[in-house]
Amino acid sequence: MAAAVDDAAAHYGLPGIAVGVVEGGKVRQMELRGEGVAGSGEAITADTLFKVASNTKAMTAALLARQVDAGLLAWDDPVVKHLPGFRMLEEWVTREMQVRDLLIHNSGLGPGAGDLMLWPEPNAFTREDVIAGLAHLKPRWSFRSRYAYDNTLYIVAGEVAAAAGGAPYDVLLRREVFEPLGMDGCRIGEWRVDETGPVAAPHGRRDGSWVARPDGPLVADMPMAAAGGVRCSLQDMLRWVQAWLDPATAGPDGRPWLSATQRSAVWTAHMPMPLTTRMRDWNRSHYSAYGYGWRLSDVDGTAKVAHTGTLSGMYSAVTLLPERDVGFVILLNGDAGDARTVLEQTLGKHFSAPQERRNVAHYVQALAAGPGPQDAASGDGQGAARAPVAPAPAPAWLGRYRDPWFGEVTVCRSGDGVRFTSAKSPRLSGPVLSAGGRLLVDFDTLGPDADAWLDVGGEAGGRPGLTMAKVDPEADFSYDYEDLAFTYVGACEAAGL
């Protein structure tokens, strides 16, 4: 494993990485490389906190499973039994949505619907805003008809847990998951950086170098906590792996931390997922499905239970091969999705098919030979010349606009140009440019993958309306601009702009 970590760290120039393996119930190996903050001189340790991002989802599912064991709720409870104010756009979906549906990505919403209420961080959205916004998000497919990854319903799941447990989500997660399993370093909710150990900062690439985005002194309790807000160290995550590989794991009272019935429920295939060509070619996989907070598949004839986590500048992976009594964790503090893929594949193959002797170089080459992003000629706008939009003579579409779930934005003159500004998500602000005969927004503090087309349309009464779409069709689905529909609410001057 050491050679694989070295090769991945060198090939991708990673700022920091922590990797550990559990085998036969014991931590067999830990590999630590790089720094928590690039250039700081502070080396990554086994206690350095990383954002585990969507690996939080399995923790939220475990919290709910513990509550099912305790008789506080049932998987087939209607969500409105616990949250009477919960609403989806379609009333029948509101009525039929069960607790289990919150965890398995079958809502009928498009991938990442409503994610602009969660990130980029920081923003001013609350959990109440996110849950209220669901009533305005239009489904793309019928309820329970297909898989499409979402985050917003995990926030609902966290609030269901809070309602059933009589305490906030973060309190319950610490009490029901972190404390019984000895995951003492994990953090959720609001916490102070100076009251914990070392904290890895997320990093992005700028001009070929890693640029850190460290936390301030106080980490806020963000709305997306139940979907992706946990931070843990490698030590903590290896305890998490041990708990899942050993069905006899006991809580402080000596009884099983989770019953056999609920362990089975969590790892049951509840929603089919697409079986990709890569899974078939690389791993000889025959099925792919989602459990409660876990992805389920087979690799080289053995069961695989896994999940990944992705937040801007932070990547994680947790992989379990229960029939081999093996699991491993990968934590990265840089925008390094390919590095995670290559390393997860290399380590997994070591245990599922060691005779193939696959290494990092093999999977680097396999990724390079695979299908790439869409060609720029497909209309991603990156190749078109860009020019600022002049505010005079004032375009008729300047003004204040509101979307029912995202809130208010302004598209108003700013100096010698026009600027798009979000009231609740300050990082979604930037100049309006013209490119290839269309308008787009080039957000100030985000990378080019966040650029958005800005299309002006007419509404009843002759007032303009705005819609948005990704400039790069391969961009992260959490930039769910396609779910926005802005209506005109007033002139810029009314806001003093």
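Residues numbered from 1 in each chain as written. Predicted model: local features only at pLDDT ≥ 70, side-chain atom pairs only at ≥ 80, totals over all residues. Heavy atoms only, no water.

## Points about the packing of aromatic side chains
Within this structure, the stated rule accounts for 20 aromatic pairs. Residues Trp240 and Trp244 carry aromatic rings whose centres are separated by 5.7 Å and whose planes lie at 80° to one another, so their mutual orientation is edge-to-face. Here Trp244 and Trp240 lie together in helix 9 (residues 234-245), a separation of four residues that amounts to about one turn. Judged on exposure class, the residue Trp240 and its partner Trp244 are both buried. With a centroid separation of 5.8 Å and an interplanar angle of 70°, the aromatic rings of Trp244 and Trp294 are classed as edge-to-face. Of this pair, Trp244 sits in helix 9 while Trp294 is found in the loop between strand 10 (288-290) and strand 11 (295-299), placing the two residues 50 residues apart along the sequence. Here Trp294 falls in the buried class, since its relative accessible area comes to 0%. Through a chain of ring-to-ring contacts, the aromatic side chains of Phe125, Trp405, Phe406, Phe420, Phe443, Tyr479, Tyr481 and Phe486 assemble into a single cluster. A cation sits over an aromatic face here: Arg146 above Trp141, 4.0 Å from the ring centre. (Phe/Tyr/Trp six-rings, centres within 6.5 Å; stacked < 30°, edge-to-face > 60°. Helix = DSSP H or I, 4+ residues; strand = E, 2+ residues; numbered from the N terminus. Buried < 20%, exposed > 50% of the residue type's maximum accessible area, 1.4 Å probe, protein only. Lys NZ or Arg CZ within 6 Å of the ring centre and 35° of its normal.)

## What to know about the state of the cysteines
The final tally for this structure, using the stated rule, is two disulfides. Put simply, Cys412 and Cys492 are joined by a disulfide, and their sulfur atoms are 2.0 Å apart. Between Cys412 and Cys492, the S-S dihedral sits near -95°, and the bridge is therefore left-handed. Placement of Cys412 in strand 17 (residues 407-414) and of Cys492 in the segment after strand 23 (486-490) is noted, with a sequence separation of 80 residues between them. Relative accessible area serves as the criterion here: at 6%, Cys492 is assigned to the buried category. Each bonded cysteine of the protein is numbered by sequence order, and under that numbering the disulfide pairs are 1-2, 3-4. (Disulfide = S-S within 2.5 Å.)

## Some details on the environment of Trp282
Mapping Trp282 onto the fold places it in helix 11 (residues 277-283). Residue Trp282 is classed as buried on the basis of its relative accessible area of 15%. Separated by 84 residues in the primary sequence, Trp282 and Ala366 place their C-alpha atoms 9.2 Å from one another. Once residues within four sequence positions are removed from consideration, Trp282 is found in contact with Thr341, Gln345, Lys349, Tyr363, Ala366 and Leu367. (Contact = heavy atoms within 4.5 Å.)

## Here's the deal with the layout of surface pockets
Roughly 340 Å³ of internal volume is contained in the second largest pocket. Contributing to the lining of the second largest pocket are 17 residues, with Met1, Thr346, Leu347, His350 and Arg358 lying nearest its centre. Those elements giving two or more residues to the lining of the second largest pocket turn out to be helix 1 (2-12), strand 1 (16-23), strand 2 (26-34) and helix 12 (337-352). By residue number, the principal contributor to the lining of the second largest pocket is helix 12, which donates four residues. Taken together, the residues of the lining of the second largest pocket break down into eight nonpolar, four polar and five charged. (1 Å grid on protein atoms, 1.4 Å probe; cavity = no way out; pocket = protein on both sides within 12 Å on 5 of 7 lines; lining within 4 Å. Points joined across faces, edges and corners; volume = space filled by probe spheres on them. Nonpolar A, V, L, I, M, F, W, Y, C, P; charged D, E, K, R; others polar.)

## A look at the confidence of the model for the protein
Summary statistics for the protein give a mean pLDDT of 94 and a share of 96% for residues scoring 70 or more. For residues 373-379, every residue scores under 50 in pLDDT, and the model assigns this stretch six contacts once sequence neighbours within four places are set aside. (pLDDT = per-residue confidence, 0-100.)

## Quick look at the side chain of His82
Position of His82 relative to the elements: it lies in helix 3 (residues 79-82). By relative accessible area, His82 is classed as buried at 14%. If sequence neighbours within four positions are ignored, His82 has contacts with Leu72, Leu73, Asp77, Val99, Val160, Ala163 and Ala164.

## Examining helix 6 (residues 152-165)
Because an α-helix completes one turn every 3.6 residues, residues spaced three or four positions apart along the sequence face the same direction. For helix 6, which comprises 14 residues, the first-to-last C-alpha distance of 20 Å matches the rise-based estimate of 20 Å (1.5 Å per residue) to within 8%. For helix 6, a buried count of 11 out of 14 residues is recorded, marking the element as mostly surrounded by other parts of the structure. Taken as a whole, helix 6 has its buried residues at Thr152, Leu153, Tyr154, Ile155, Val156, Ala157, Gly158, Val160, Ala161, Ala162 and Ala164. In this structure, the buried side of helix 6 is in contact with helix 2 (56-69), helix 3, helix 5 (127-133), helix 7 (169-181), helix 8 (225-228) and strand 10. Remark: Gly166 follows helix 6 within two positions and exhibits a positive phi of approximately 70°. (Expected span 1.5 Å × (residues − 1).)

## Considering the pairing of strand 12 (residues 302-311)
The buried count for strand 12 comes to seven of 10 residues, which makes it a mostly enclosed element. Looking at chain direction, strand 11 and strand 12 are connected through five bridges and run antiparallel. In the sheet register, Asp298 faces strand 12, and the bridge partner there is Ala303. The pairing of strand 12 with strand 13 (residues 314-321) spans seven bridges and is classified as antiparallel. What sits directly across from Ala306, in strand 13, is Thr319. (Pairing = 2+ DSSP bridges.)

## What about the packing of helix 1 against helix 13 (residues 360-369)?
It is at 9 Å that the axes of helix 1 and helix 13 come closest, and there the two elements cross at 40°. It follows that helix 1 is oblique to helix 13 by the angle criterion. Together, Ala4, Asp7, Ala8, His11 and Tyr12 of helix 1 and Val360, Val364 and Leu367 of helix 13 make up the contact between the two elements. Its residues assigned to classes, the contact of helix 1 with helix 13 comprises six nonpolar, one polar and one charged. (Axes fitted to C-alpha atoms, helices over the stretch in contact; angles between N-to-C directions. Parallel < 35°, antiparallel > 145°, perpendicular 65-115°, else oblique.)

## Considering the pattern of salt bridges
One pass over the full model with this rule turns up 28 salt bridges. Residue Asp77 is joined to Lys81 by a salt bridge in which the shortest nitrogen-to-oxygen separation is 3.6 Å. Look at Asp77 and you get buried, because its relative accessible area is 8%. Of the residues examined, Lys81 reaches a relative accessible area of 55% and is grouped as exposed. For Arg95, the salt bridge goes to Glu96, with nearest N and O atoms at 3.6 Å. Three or more residues are tied together by salt bridges with common partners; here these are Arg284, Asp300, Lys349, Glu356 and Arg358. (Salt bridge = Lys/Arg side-chain N within 4 Å of Asp/Glu carboxyl O.)

## Brief notes about the side chain of Glu176
Structurally, Glu176 is set in helix 7. Apart from the residues lying within four places of it in its own chain, the contact partners of Glu176 are Leu63, Arg66 and Trp257.

## So, the pairing of strand 2
The sheet contact formed by strand 1 and strand 2 spans eight bridges and is antiparallel. Residue Val19 lies in a different strand from strand 2, and its bridge partner there is Glu31. The turn joining strand 1 and strand 2, which pair antiparallel and follow one another in sequence, is formed by two residues; a positive phi near 60° is taken by Gly24.

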